[in-house]
Every structure is written in structure tokens, then in C-alpha cells.
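Residues per chain are reported as follows:
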Amino acid sequence: MRLSKLQNIFPYIIVALSLILYSYYMIIDIITEGEAGVVTRQAVCLLVMEAFSVYALVVHSKINPPTLYKAFFLWIIWLLIDFFVFGLGGAGISNYILATSCAFAFFYYFYLSIDNKTNEKVIVLSFLVLLVVSGIMCVQDMLSFRELYRGEDAFVSNLVFWPLCTMPFIFLIEKRIPKWIFLFVITVLVVITAKRSATISLIITIFFYVLFLIKDSGKTRSKSKFRMILLIGVLGVASYFIIDKFLSSEVVIVSNRLSTMQEDQGSGRMGIYSGVINSINNFDLADYLVGKGYRSILSTGHTNAHNDALQVFYEYGIVGLIFYLVITVAAIKRLFYVRKRYPKYYPGYMASISIYVVLGLVSNLYAYNTYFMFICAYWGLVEGEIYRTKRLGVKNYA
């Protein structure tokens, strides 16, 4: 390999390894319930990634940024003020690193996409590695619970969100068979971990992806359309029989959990919402404006609000909620633009939006910057590609 080419990909390799190591340490921390003492190593990994992002920001300071770029940039600035001026956002540089990691992930992959189109293949490869690593640890965690407990709920694991949030990058795999194989792997992980929000996100994504494939094949000859429908049918039937034969008990668990959503009030979410809202009713004016601070939701007796908008309002007030809504609207509007002008990136973008919306409504994604970094990285990649092609004057991109 030529030295110039190595120098070109070296920063990316460092960032990719930092992201993979951060995810590994984060999952270990969750599995061991904080006893492994890896929090410092998590912060170091994120600091490395953010340092390269800041460098990229400085190098590319003369660009005309899109809406998502502006929103994330202002969010970083606001959190800097919130943390270290108002003192309401949580003391310590490590908390600031955690709170801004998703925005920095967006910036880094945005610039990476601008600099070199060939970086995309390396990016996809790194997220495939991330899928494999997180998937293995997800299965290990599930098997450990099986040995310790016999109750159905013992199978449920939040670790599935790590492999699930790599799904947007899976759709960038050019060859169909490997792409469907990795999508099947994610499906299996979702089934065996029995997370309802992950299941709903996956169903929505696959549904729209199949519609996209059928509609896209309609632009070509009828013979190609028939082959596409036949391929989808064969893969669907094969997936059904494989899952039915080897994962039938897990399917029953998922089905039971979906059917009991009304009875268990979403695993007690209605009670959590009520508790958080009651706490908000006791806010003073400053709390309403800038919130109680980073991770102050823990003072309500819950680890999170299980709703991003509610938690963002609790922790960051009206200011934070405005940022959240701007980013949400900008991302959804971008979805329709990408569908029309950049169809290659549409399936992944649809996956990112379905995960973002579903988890944002009934779980937590935006509020806790962990696997949400993968979604932001994809958004950054797409925005960078849009910016790059516009700068080069590329028309009718597909």
C-alpha cells in the first residue's frame, strides 16, 4: 500500500477502532452493571473520535452547511454553555464528551464522505465488524441469562440496539445476497432478544424496503421485476422456515410481548411517563428553560423517561426540546429528498428514521448518546455525499 493512501485512511482507522472499542466497553459496562470499571476507557475512545472531528471541522471551515449540520453544531455549542456556564448540565468534561458524541460522529462521517468517495466501502466494512462484535456479545449475554433464569422476561436484552443501529450501513452493501444475509442476522438477534421496540422498527424497515425494491424494479423490464419479486419471496419463505425451526420459542416470546403491550402498559411505561410529568410540574422558570441537567432524569427514580422528547425536555428544557424537534424535522424531510434524488441511500435512511422514531417514542435514543452515534454517522455520511455531488455538479444521481 502506498504511503499516501495509508495516510489518507489512517485517521479513519483510528476513529473506527475508537467507535468499536467504545461500543465494546459500553456493552461490557452494561453486562457487568458497572463493575468492570471501563467508564474511563469509554471516555478516552470518544475523546479520540471527537478530537479527529474537531480537526475536520477546522480543516473544512469554509463550507455552506446543511440544516442538520447547523443544528448539531449549535447543539454542541449550547451544551458547552449549559455544562460550564449555567452549571445545570452536569459537571465534568467526561459528561460533556458523552453528551456531544453523536453530534461529533455526524461531523466526522460528513467530512469523511466529502473527502473521498472510496471511504464509503471502508465505512461499511467497519460497521459490519461492529455488527459482528455487538451481535456476538448480545448472544453471549442472552445465553448467560438463560443459564441463570428460566422466566420468559430473562431473554429480553437492550444490547440488541447496537447491532440494530448498524442496519442503515448494511443497506449500502452492493451485492444483494450478502446484504440479505446480514439483514437476516439482525432479524435473528431481534427475535432472540425479544425487544418490542426493536421488532417494530425492523418490521417497518423491511416493509418499506420491500416496497422500494418492487417499485424500483418496476422501472426496468418486467422480467427483472419478476425476478426481484421471486427473490424476495424465496428469501422470505426461507427465513420463515429457518426461524420457525430453530427459534420457534423465541418467536412465541416476541408474539406474547407484542400482544400484552396494553395489559402491561408497555412494561410499565405509563407509570414512568406519569412520574416524569409529575416532576416537571414542580419545575421553576429556569428548569423550564434549560432543564435539570444531563442525566438528571435519574432523580425521578427511573434510568430514563422511555420517551426522547420527554427526557430532553426534563434534562435540557425548552431550549433542548427545540433542538430535538429541529433535528427530527430536518431528518424526516431529508428522507423524502433522499428518496427522490439519492435512492441508493434511501433504504438505509428509512431504517435510520424508523429506528429513530420508534425508539424515540417508547424507548431512548437521542437522550442517551450510545448506539445513536451509528444513526448520526449514517446521516453524516449521506449529507457529505449530497454536499460532495452538489459541489461537483453531479446531476440525476442514482
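Given the structure is predicted, the values throughout are model-derived calculations rather than measurements.

Definitions and cut-offs
Note that residues are indexed from 1 along each chain, following the sequence as it is written. Note on the predicted model: pLDDT of at least 70 is required for a residue's local features to be given, and 80 or more for side-chain atom pairs to be given and counted; whole-chain, interface and lining totals, by contrast, use all residues. Side-chain metrics rest on all non-hydrogen atoms present in the structure, leaving aside hydrogens and water. Here a helix means four or more residues in a row that DSSP labels H or I, a strand means two or more in a row labelled E, and each is numbered from the N terminus. Any two residues whose heavy atoms approach within 4.5 Å are treated as being in contact. For accessible areas, the Shrake-Rupley method is used with a probe of radius 1.4 Å. Any residue's cover is judged against the shown protein chains and nothing else. In this scheme Phe, Tyr and Trp rings, the latter by its six-membered ring, pair at centre separations within 6.5 Å, and the angle between planes marks the pair as stacked below 30 degrees, edge-to-face above 60, and tilted otherwise. To sort residues, take the accessible area from a 1.4 Å probe on protein chains only and compare it with the maximum for the residue type: under 20% means buried, over 50% means exposed, and anything in between is partly exposed. Only when the NZ of Lys or the CZ of Arg is both within 6 Å of the ring centre and within 35 degrees of the ring normal is a charge said to sit over the ring. Just to be clear on terms, a salt bridge is a Lys or Arg side-chain nitrogen sitting within 4 Å of an Asp or Glu carboxyl oxygen.

Chemist: Report on the overall build of the protein, specifying residues and quantitative values.
Modeler: When its secondary structure is counted, the protein shows 16 helices and zero strands. Sequence separation of at least 24 residues holds for 75% of the intrachain contacts in the protein that already meet a minimum separation of 6. Total accessible area computed for the protein in this model is approximately 18900 Å², and 66% of it derives from carbon and sulfur atoms.

Chemist: Please provide a residue-by-residue account of the side chain of Thr166, values included.
Modeler: Structurally, Thr166 is set in the loop between helix H6 (161–164) and helix H7 (167–170). When neighbours within four sequence positions are excluded, Thr166 is seen to be in contact with Phe127, Leu130, Leu131, Ile186 and Phe374.

Chemist: An account of the packing of aromatic side chains is needed here, citing residue identities and associated values.
Modeler: Aromatic ring pairs are described here by two measures, namely the spacing of the ring centres and the angle between the planes. According to the stated counting rule, one finds 39 aromatic pairs in the structure shown. Here the aromatic rings of Trp75 and Tyr366 are separated by 6.1 Å at their centres, their planes lie at 40°, and the arrangement is tilted. Placement of the pair is Trp75 in helix H3 (residues 67–86) and Tyr366 in the loop between helix H15 (346–362) and helix H16 (372–392), with a sequence separation of 291 residues. Each member of the pair, Trp75 as well as Tyr366, is classed as buried. Across the ring face of Tyr346, the terminal group of Arg339 is positioned such that the distance to the ring centre comes to 5.1 Å.

Chemist: Account for the pattern of salt bridges, naming residues and giving values.
Modeler: Counted under the stated rule, the structure contains four salt bridges. Notably, a salt bridge pairs Asp287 with Lys292, separated by 3.2 Å at the nearest N-O pair. Taking relative accessible area as the criterion, Asp287 reaches 8% and is therefore assigned buried. Residue Lys292 is classed as partly exposed on the basis of its relative accessible area, which comes to 39%.

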